[in-house]
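Inside the fold
Here is how the chains run, residue by residue.
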Amino acid sequence: MTRNATAAQPSTAAPLTEAEAIAKEKQVWEVVEKKDYKAFADMLDEQAASVSNEVVEDKAATVKGVSTFVPTDVVLSDWKFLPIDKDAAVIVYKANYKATVNGQPIPPQSVYASTAWVNRNGKWLAIYHQESEILKTPPAPTAPKAAPSPATAGTPATPTSDVAANEKLVWDALRSRNYEAFAAFLAVSVVIYVPMRLIVGDMSWLEPYGFPLPIQTSRILLYAGYFLTGVGVGVVSLHAGI
């Protein structure tokens, strides 16, 4: 009785070590690379399942899918070993490889992979395998340039009696986003030019006492306003601006 009972007990295997788990994982990749799909199937438990980014498959579907897959230049690294108990362990690693699927090349792959191994009557078989694509980290977006605050914005330029130069200052203020300076120029120009323009028009020229340089009548106050503004700024500080 005792002899028969002892003979009926299933054979046992020692707990899986990290070195043995790594060796088994490498063996799986080697038999697939050699297209030895029977050897691959023999390394899977009958209840085996595999998970990828696209699908979850049982043993039969896994073997069928692998039969269309031929890896090359396989590099396995970054091993992590997790013993669960004397009959189960998990190995995690990184895999880089090239491959063809159905005879067609696919882009080089970089994945994190994990396999759960179980002891079945003294033989270690893979019962679960998962691969997750390693996504490339995109470059950090360039931070947009902050608009200058009023405290750090450049000092507004000082208007002069040169109308063309003053017009350039207006556009410079817009380009530098110095909206306060632009508003000041605009307000002064409207107040001292528009009324005279409406009263005398554009074709009126003033030549007092035969003065050799005629003045456009509608711009008399414009010239005077810019001139007085420049004088006022000069009295306060030549570096202060408006």
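Up top is the structure.
The notes below deal with the structure included here. (Residues numbered from 1 in each chain as written. Predicted model: local features only at pLDDT ≥ 70, side-chain atom pairs only at ≥ 80, totals over all residues. Heavy atoms only, no water.)

Some words on the overall build of the protein chain
Inclusion rule: By the criteria applied, helices consist of DSSP H or I runs no shorter than four residues and strands consist of E runs no shorter than two, each listed in order from the N terminus. Residues are treated as being in contact if the distance between any of their heavy atoms lies within 4.5 Å. Only the protein chains shown count as covering a residue, and every accessible area follows the Shrake-Rupley method with a 1.4 Å probe.
Looking only at helices and strands, one finds 7 helices and 8 strands in the protein chain. Across the protein chain, every contact between residues at least 6 apart in sequence was considered, and the portion connecting residues at least 24 apart equals 53%. As presented, the protein chain carries roughly 16200 Å² of accessible surface, and 62% of it is formed by carbon and sulfur atoms.

Quick look at the environment of tryptophan 29
Here is the rule: The cut-offs for exposure are 20% and 50% of the maximum accessible area for each residue type, with area from a 1.4 Å probe on protein chains only; residues under the lower value are buried, those over the upper are exposed, and the others partly exposed.
Position of tryptophan 29 among the secondary structure elements: in helix α2 (residues 18-33). Classification of tryptophan 29 as buried rests on a relative accessible area of 8%. In this structure the C-alpha to C-alpha distance between tryptophan 29 and phenylalanine 40, which are 11 residues apart in sequence, comes to 8.7 Å. Not counting residues up to four positions away in its chain, the partners in contact with tryptophan 29 are Phe69, Pro71, Val74, Leu76, Tyr93, Ala95, Tyr97 and Glu131.

Here we look at unusual backbone geometry
Positioned with a positive phi, aspartate 78 is a non-glycine residue whose angle comes to about 55 degrees. Mapped onto the elements of the fold, aspartate 78 is located in strand β3 (residues 69-85). Among the residues examined, aspartate 78 registers a relative accessible area of 46% and is labelled partly exposed. One non-glycine residue, asparagine 121, lies in positive phi territory at about 55 degrees.

Notes on the pattern of salt bridges
Worth spelling out the cut-off: Each reported salt bridge corresponds to a side-chain nitrogen of Lys or Arg within 4 Å of a carboxyl oxygen of Asp or Glu.
For the structure on display, the rule yields 5 salt bridges. Across the salt bridge formed by lysine 59 and glutamate 46, the nearest N and O atoms sit 2.9 Å from each other. Placement of the pair is lysine 59 in helix α4 (residues 59-66) and glutamate 46 in strand β1 (residues 44-51), with a sequence separation of 13 residues. Given a relative accessible area of 15%, lysine 59 falls into the buried group. The class for glutamate 46 is exposed, based on a relative accessible area of 64%. Among the ionic pairs, aspartate 87 bridges to lysine 86, the shortest N-O distance being 3.0 Å. With relative accessibility at 26%, the residue aspartate 87 sits in the partly exposed group. Owing to a relative accessible area of 54%, lysine 86 belongs among the exposed residues under this scheme.

A few points about the packing of aromatic side chains
What counts here: For this analysis, a ring pair means two rings from Phe, Tyr or Trp (six-membered ring only for Trp) whose centres lie within 6.5 Å, classed as stacked if their planes differ by under 30 degrees, edge-to-face if by over 60, and tilted for the remaining angles.
Under the counting rule described, the total for this entry stands at 3 aromatic pairs. The interplanar angle of 85 degrees and the centroid separation of 5.8 Å between the aromatic rings of phenylalanine 69 and tyrosine 97 together place this pair among those described as edge-to-face. Taken together, the positions of phenylalanine 69 in strand β3 and tyrosine 97 in strand β4 (residues 88-101) put the pair 28 residues apart, joining distant regions of the chain. By relative accessible area, tyrosine 97 is classed as buried at 7%. Aromatic pair tryptophan 79 and tyrosine 93: ring centres 4.7 Å apart, planes at 35 degrees, arrangement tilted.

Some thoughts on the side chain of glutamate 25
The criterion, for reference: None of His or the chain ends enter the tally, which takes Lys and Arg as positive and Asp and Glu as negative.
Here glutamate 25 shows up in helix α2. Here glutamate 25 occupies a buried position and makes no salt bridge, while the nearest side chain of opposite charge, lysine 24, is found at 9.7 Å. In this structure, glutamate 25 is in contact with Trp79, Ile91, Tyr93, Thr115, Trp117 and His129, ignoring residues within four places of it in sequence.

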